Amino acid sequence: MIASPVISSLLARTTKDKLTNWAGNLEYGTDRLYSANSLEQVRSYVKKENKLKVLGTRHCFNNIADSTDNFLSLKPMDEVVALKPEAHTVTVNAGMTYGQLCPLLHRKGFALHNLASLPHISIAGAVSTATHGSGEKNGNLATAVSALEIVTAAGEVVELSRQRDGEAFLGAVVGIGALGVITKVTLDIQPTYLVRQYVYENLPLSAVKDNFDAIESSGYSVSLFTDWQNQRINEVWIKSRVEEEQTFDAAPEFFGAKRATRNLHPIAELSAENCTEQMGVPGPWYERLPHFRMGFTPSAGKELQTEYFVPRQHAVEAILAVERLRDQISPHLMISEIRTIAADKLWLSPCYGQACVTIHFTWRQDWPAVKMLMPLIEKELAPFKARPHWGKLFTMPPGELHSIYKKLPDFIQLSKKYDPHGKFRNEFLSTNIFSS
Ligand SMILES: Cc1cc2nc3c(=O)[nH]c(=O)nc-3n(C[C@H](O)[C@H](O)[C@H](O)COP(=O)(O)OP(=O)(O)OC[C@H]3O[C@@H](n4cnc5c(N)ncnc54)[C@H](O)[C@@H]3O)c2cc1C
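All values derive from a computational prediction rather than experimental measurement.

Now, about helix α8 (residues 367–381): what can you tell me, with residues and values included?
For α8, with 15 residues, the first-to-last C-alpha span of 21 Å sits near the 21 Å given by 1.5 Å per residue. Every buried residue belonging to α8 is among Ala369, Val370, Leu373, Met374, Ile377, Glu378 and Leu381, and all of these are buried. The secondary structure elements touched by the buried residues of α8 are β17 (304–311), α6 (315–323), α7 (326–329) and β19 (356–363).

What follows is the structure in structure tokens.
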């Protein structure tokens, strides 16, 4: 037996037979799910099948991970392969999640540079879609990747490294599932550190207009949460490293916002029990950089998400453009989040060659309404050449995607090298990437 068909109870979430994504808004096109627990099993399975997609932890909201043929899960491959302090790297099997890796790293005295809002996601799935956290000086999570092991469509094992493979490596890291099966990921590590998190309430929108740079650079990672109502940012989350030069002065007031007196959820009505500790209590990096705690439901659960990356220099204009849509947006919104991300060199990263501000929307799960709103938001953000998050919902036509990703033709060439006959292609890739 090479790979036995397994539909684990963890994966079949909403009904007995139908496999869905995490949010339950997408029923996948097949429930043929195979599970591999070794590189050899992955290779044999890939050689045997004509069409397949790898499923990570299923946290994407669109059909980027979908398949009508076969799924391969690497969930059992969830171990650290090598921790090399002298090289400042850790290598993990691709089924591992950040939630599994981070406490292990911390115990050994190491840390990652940043994390997303939740630790529940697989490392391979997160870097494949350029998942990000926040912080003026922090690249997205894929920028920590220094090497990848990939099984190509022919079942060959390819290793690509930042040091050795130059452009091909930069093209492969944010691979949106098109190049092959990532079986190992090597990440940059640094000495472990502590982080304090403070939350402020009711920041006037005028303060964002006048002081955006100062607000965003006030901490190591800063998030602004707003429902776009009443000309204000509902909550400002400031995460600062507990190192002398980065300690945030937690005054009672911050640009007109007031320091919170209790832990808060970004969606104020929800329980802060699901959230990481606030109120300035120092804690390990992996228990402060995400907003949501491992072992608890992140965000709201029954929701939809969209997010757009705008070049950093247009941050304020773009925020004000979205704010003008408040009356249309707010009835369908749970919360929006605004973050910043440093520029990088990864071909399909929305931050390729440009630092970005991201404007994110957590919607109520009302697809007809969200489907109508997305084009309105995309139209407002079009003058800034906004790029959608690969793993969230968007309606931007493929032609526009091609016009804003100048490395797409190179990426298509690279994909064809590793997957000449489209074994890993699905409707998302055929429509958005390979359609021209
Ligand atoms: C509650 C919530 C909060 C979120 N917060 C953030 C956030 O803070 N920042 C942010 O940027 N995003 C965020 N996201 C989006 C999320 O990070 C991305 O959707 C991410 O890609 C999810 O990883 P996954 O393993 O679940 O991917 P999946 O949805 O399982 O797969 C995503 C893609 O990766 C490919 N893939 C997965 N594993 C492999 C592999 N081993 N080899 C090759 N291809 C692979 C899949 O084929 C697919 O194309 C959030 C999502 C949710 C649900």
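Break down the confidence of the model for the chain for me, citing the residues and quoting the values.
Put simply, the chain has an average pLDDT of 94, and 95% of its residues get 70 or more. The model gives residues 1–15 a pLDDT under 50, and that stretch makes 35 contacts with residues more than four places away or in other chains.

If you had to explain the pattern of salt bridges to someone new, which residues and values would you point to?
Going through the model one piece at a time under the given rule, you end up with 17 salt bridges. The closest approach of N and O atoms between Arg312 and Asp213, which form a salt bridge, is 2.8 Å. Taken together, the residues Arg312 in the loop between β17 and α6 and Asp213 in helix α5 (residues 205–216) connect sequence positions 99 residues apart. Given the relative accessible area of 15%, Arg312 is considered buried. Judged by relative accessible area, Asp213 falls into the partly exposed class, the value being 48%. For Arg326, the salt bridge is made with Glu323, and the minimal N-O distance between the two is 3.3 Å. Taking the relative accessible area as the measure of exposure, Glu323 reaches 7% and is therefore buried.

Please set out the packing of aromatic side chains residue by residue, giving values where relevant.
Scanning all chains against the criterion turns up 17 aromatic pairs. The interplanar angle of 25 degrees and the centroid separation of 6.5 Å between the aromatic rings of Trp228 and Phe361 together place this pair among those described as stacked. Here the residue Trp228 occupies a position in the loop between β12 (221–226) and β13 (232–241), and Phe361 occupies one in strand β19, the gap between them amounting to 133 residues. Classification of Trp228 as buried rests on a relative accessible area of 2%. Residue Phe361 is classed as buried on the basis of its relative accessible area, which comes to 0%. For the ring pair Trp390 and Phe428, a centre distance of 6.4 Å and an interplane angle of 75 degrees mean the geometry is edge-to-face.

Go over the nonpolar core, please, and point to the residues and values.
Among the nonpolar cores identified, the biggest contains 124 residues, and Tyr98, Leu112, Trp285, Phe361 and Trp390 are the most heavily contacted of them. Counting residues in hydrophobic clusters, the runner-up holds ten residues, among them Val199, Leu264, Ile267 and Ile335.

Explain the site of the ligand residue by residue, including any values.
Taken together, 36 residues lie around the ligand, and Val54, Gly56, His59, Ser122 and Thr129 are the ones closest in. Contacts to the ligand include Arg58, whose backbone N or O atom sits 2.9 Å from an oxygen atom. A distance of 2.7 Å separates an oxygen atom of the ligand from a polar atom in the backbone of His59. For the shell around the ligand, the elements supplying multiple residues, two or more each, are β2 (53–55), α3 (123–128) and β9 (181–188). Examining the composition of the shell around the ligand, we find that four residues originate from one element, α3, more than from any other. The class makeup of the residues in the shell around the ligand is 17 nonpolar, 15 polar and four charged.

Just give me the short version of the sheet that holds strand β4 (residues 80–84), but keep the residues and values in it.
Here we have five strands laid out as an open sheet, ordered β4-β5-β9-β7-β8, and antiparallel in their pairing. Of all the strands in the sheet, the pair left with one neighbour each is β4 and β8 (157–161). Going across the sheet, the axis of each strand differs from the next one's by a mean of 10 degrees, ignoring polarity. Taken together, the five bridges between strand β5 (residues 89–93) and β9 define a ladder with antiparallel strand orientation. For Thr91, the partnering residue across the bridge sits in β9 and is Thr186.

Describe the environment of Ser217, and please don't skip the residues or the numbers.
Counting through the fold element by element, Ser217 comes out in the loop between α5 and β12. On the accessibility criterion, Ser217 (48% relative accessible area) is partly exposed. In this structure the C-alpha to C-alpha distance between Ser217 and Leu346, which are 129 residues apart in sequence, comes to 24 Å. In terms of polar contacts, Ser217 uses its side chain to reach the backbone carbonyl oxygen of Asp213, at 2.8 Å.

Conventions and cut-offs
- Residues numbered from 1 in each chain as written.
- Predicted model: local features only at pLDDT ≥ 70, side-chain atom pairs only at ≥ 80, totals over all residues.
- Heavy atoms only, no water.
- Helix = DSSP H or I, 4+ residues; strand = E, 2+ residues; numbered from the N terminus.
- Expected span 1.5 Å × (residues − 1).
- Buried < 20%, exposed > 50% of the residue type's maximum accessible area, 1.4 Å probe, protein only.
- Contact = heavy atoms within 4.5 Å.
- pLDDT = per-residue confidence, 0-100.
- Salt bridge = Lys/Arg side-chain N within 4 Å of Asp/Glu carboxyl O.
- Phe/Tyr/Trp six-rings, centres within 6.5 Å; stacked < 30°, edge-to-face > 60°.
- Core = buried A, V, L, I, M, F, W, Y, C linked by side-chain atoms within 4.5 Å.
- Near = heavy atom within 4 Å.
- Polar contact = N/O pair within 3.5 Å; in protein donor to acceptor, adjacent residues only side chain to side chain.
- Nonpolar A, V, L, I, M, F, W, Y, C, P; charged D, E, K, R; others polar.
- Pairing = 2+ DSSP bridges.
- Axes fitted to C-alpha atoms, helices over the stretch in contact; angles between N-to-C directions.

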